Amino acid sequence: MSTDDEIPTALEPVDVIGHELADLERSPGNASLFVRVRDALRAHGDHARLAHACELHAPANPDRARAAEAWSEAGEARLALGQTDAAFAALERAVALGGGQPATIDKLIDAS
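Residues numbered from 1 in each chain as written. Predicted model: local features only at pLDDT ≥ 70, side-chain atom pairs only at ≥ 80, totals over all residues. Heavy atoms only, no water.

1. Here's the deal with the overall build of the protein
Here comes step 1: Along the backbone of the protein there are six helices and zero strands.
Here comes step 2: Ordered by position from the N terminus, the helices and strands of the protein form the series α-α-α-α-α-α.
Here comes step 3: A buried classification covers 29% of the 112 residues belonging to the protein.
Here comes step 4: Counting only contacts in the protein whose residues sit at least 6 apart along the sequence, the fraction spanning at least 24 positions is 50%.
Here comes step 5: For the protein, the exposed area adds up to about 6,900 Å²; of that, 53% sits on carbon and sulfur atoms. (Helix = DSSP H or I, 4+ residues; strand = E, 2+ residues; numbered from the N terminus. Buried < 20%, exposed > 50% of the residue type's maximum accessible area, 1.4 Å probe, protein only. Contact = heavy atoms within 4.5 Å. Areas by Shrake-Rupley, 256 points an atom, 1.4 Å probe, with all protein chains shown as cover.)

2. A word on helix α5 (residues 84-96)
Here comes step 1: Spanning 13 residues, α5 covers 18 Å between terminal C-alpha atoms, matching the ideal 18 Å at 1.5 Å per step.
Here comes step 2: All of the buried residues along α5 are A87, A90, L91 and A94. Within α5, the buried residues cover an arc of 100° as seen down the axis, which keeps them to one side. Opposite the buried face of α5, at more than 90 degrees from it, the exposed residues are D85, E92 and A96. (Expected span 1.5 Å × (residues − 1). Arc of directions from axis to C-beta.)

3. A short note on the packing of helix α4 (residues 64-80) against α5
Here comes step 1: Here α4 crosses α5 at 165°, and the two axes come no closer than 8 Å. On the basis of their axis angle, the class for α4 and α5 is roughly antiparallel. Handedness of the α4/α5 crossing: left-handed. On α5, the residues that touch R64, A68, W71, S72, A74, G75, R78 and L79 of α4 are T84, A86, A87, A90, L91, R93, A94 and A96.
Here comes step 2: When its residues are assigned to classes, the contact of α4 with α5 shows ten nonpolar, three polar and three charged. (Axes fitted to C-alpha atoms, helices over the stretch in contact; angles between N-to-C directions. Parallel < 35°, antiparallel > 145°, perpendicular 65-115°, else oblique. Left-handed = near helix turned anticlockwise from the far one by under 90°. Nonpolar A, V, L, I, M, F, W, Y, C, P; charged D, E, K, R; others polar.)

Honestly, it's all geometry; don't read function into it.
Printed below as a string of structure tokens:
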């Protein structure tokens, strides 16, 4: 068997979440895609990409309550990253839409 016919044994991992996040960047209003990406990023504890996904989806969601939830989650993720100013900005957007999770508000107050 020549080396050209060998089956590779060490494949590079495919960043499926990254591909779906790229799809969300192209279609930020796609709610089902957002939920899939959000849930995967939560499960992996990837706060940076979670904040980015929420910040993409929130302004594209016509449902004010769901947009507020996305902004609130973006704020919580930014807070976890130590990005207090960005967390406050996201929470302000959530509150302006009539939302904002009380737990997130309390964490922001504690961080300030």
